[in-house]
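# Examination of the molecular architecture
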Amino acid sequence: MRDLKEYELDVVDVAWCPGCGDFQIMEALKKALAEQDLKPSDVLLASGIGQAAKLPHFMKAHFFNGLHGRSISNATGFRMANPTMPVLAIGGDGDMYGEGGNHFLHTIRRNPNITNLVHNNMVYGLTKGQASPTSPLGFQTPTTPEGVVNAPVNPIALAVSLGASFVARAFSGDVEQTKETIKAAMQHEGYALVDIFQPCVSFNKVNTFKWFKDHTYYLEESYDPWDRTAALEKAFEQERFALGILYRCERPVFEYQLAPYGERREALYKGRPDPGKVQRFIEETYV
Ligand SMILES: Cc1ncc(C[n+]2csc(CCOP(=O)(O)OP(=O)(O)O)c2C)c(N)n1
Ligand code: SF4
C-alpha cells in the first residue's frame, strides 16, 4: 500500500465545482493504484476533453491528453508500444459514448488490455449542460428546452452485446466500491469498462446524488458475471441500476497477438533493432 500523497502534484488548481462526483472518482483511482503498489511512474492515464477528462491534470502519473473522444484509441496505441504498463482511458459519457462512440465500439472488438473509466453524469458538464448520449428522454437543457427526444445510449447493454471482456458499473458516492471495481478492472486481462455514475451538481438537477442512490443497488453475491444472458437482463433494467461486475469473459488480448510480441512481453523500446531486417524489408518491398 503506497501513500496517497505520492499521486499529488505540487501545485494544482482543481477546476471542478465543489460537490462534483469527479472528486470521489479521483480518490478511488488513487486508492486503487496505491493498493496495487503502483507508483505514479508505473501507469499511464489517457484522456480527451471534458470535466472528467481533466482528471489526469490533477494527479501525478504519466499522462496523454488528446482529442475529444480519442482517448481509448490513444490508450490502445500505448499498450501496443508497451504491453507491461497499465493504461487507463478516462473521460465522460459524452467523450466516450458520443464523440468517441465509434472508437468505443471498435475498441471492444479489439480487446486491448486497457481500463476505461467513464464518468457518467448524463450531461455535457464542461460545455455547460447540453444533453449527452446518456441523458434520459425528456431531459431539459438550454439546447433542448422541450426535452430530449433521442433514445439514450445504454453503454452496459452495448458493451455486453459486443462481447466486451469486462463490464462493470460503479457509483462515485461509494468510493470503496468504486475503488474495488477499478482494481478488478485493472487486474482483468483485456478491455475493461467501468461506467461510473457521477453527479454533476451544476448542470444535472435530475440525476442528482440522491437520485443515483435511490436508483441503484448492489449485485447479489450469487450473481454470476460469466452469464451473458443474465448480464443483458441486468443491463436492460429500468427502475434501479445494478452496481458491480455485470459481465466478464475470456478473449485473446489484442496487443499480445501482434507480431513483435508473441511470448515476449516487453516494451518495444527494449527490443534490439536489427537494421539488416529493415534493409531486407525495403529491398523486398520496393526494389
Ligand atoms: C470534436 C469536438 N466536439 C465538441 C467539442 C465541445 N465539447 C468539449 S467537452 C464536451 C462535452 C463533455 O462532456 P462529457 O464528455 O460528458 O464530460 P463532462 O464534461 O460531463 O465530464 C463537448 C461537447 C469539442 N471540444 N470537440
Ligand atoms: S460542471 Fe458538473 S461535471 Fe463539471 S465540475 Fe461542475 S459538477 Fe463536475
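Read on for an overview of the structure. (Residues numbered from 1 in each chain as written. Chains lettered and ligands numbered in written order. Predicted model: local features only at pLDDT ≥ 70, side-chain atom pairs only at ≥ 80, totals over all residues. Heavy atoms only, no water.)

### Some remarks on the site of ligand 2
Around ligand 2, a shell composed of Trp 16, Cys 17, Cys 20, Gln 51, Asn 121, Gly 125, Gln 198, Cys 200, Val 201, Ser 202 and Phe 203 is seen. More than half of the atoms belonging to ligand 2 lie within 2 Å of the grid points that define the largest cavity. Taken together, the residues that form the shell around ligand 2 break down as 6 nonpolar, 5 polar and no charged. (Near = heavy atom within 4 Å. 1 Å grid on protein atoms, 1.4 Å probe; cavity = no way out; pocket = protein on both sides within 12 Å on 5 of 7 lines; lining within 4 Å. Sits in = over half its atoms within 2 Å of the grid points. Nonpolar A, V, L, I, M, F, W, Y, C, P; charged D, E, K, R; others polar.)

### Digging into the packing of helix α2 (residues 71-81) against helix α4 (residues 101-110)
Viewed as axis vectors pointing N to C, α2 and α4 meet at an angle of 35°, and their least axial separation amounts to 8 Å. Of α4, the residues touching α2 (which contributes Ile 72, Ser 73 and Thr 76) are His 103, Phe 104 and Thr 107. Here the contact of α2 with α4 is built from residues that sort into 2 nonpolar, 4 polar and no charged. (Axes fitted to C-alpha atoms, helices over the stretch in contact; angles between N-to-C directions. Helix = DSSP H or I, 4+ residues; strand = E, 2+ residues; numbered from the N terminus. Contact = heavy atoms within 4.5 Å.)

### Describing the site of ligand 1
Taken together, 16 residues surround ligand 1, and among them Gln 51, Gly 94, Asp 95, Gly 125 and Leu 126 come closest. Gln 51 places a main-chain nitrogen or oxygen 2.8 Å from an oxygen atom of ligand 1. Within the contact set of ligand 1, an oxygen atom lies 3.1 Å away from a side-chain nitrogen or oxygen of Asn 121. In the complex, the protein chains occlude 73% of the 600 Å² of accessible area that ligand 1 would expose alone. With 4 residues, the single largest contributor to the shell around ligand 1 is helix α3 (residues 93-99). (Polar contact = N/O pair within 3.5 Å; in protein donor to acceptor, adjacent residues only side chain to side chain. Areas by Shrake-Rupley, 256 points an atom, 1.4 Å probe, with all protein chains shown as cover.)

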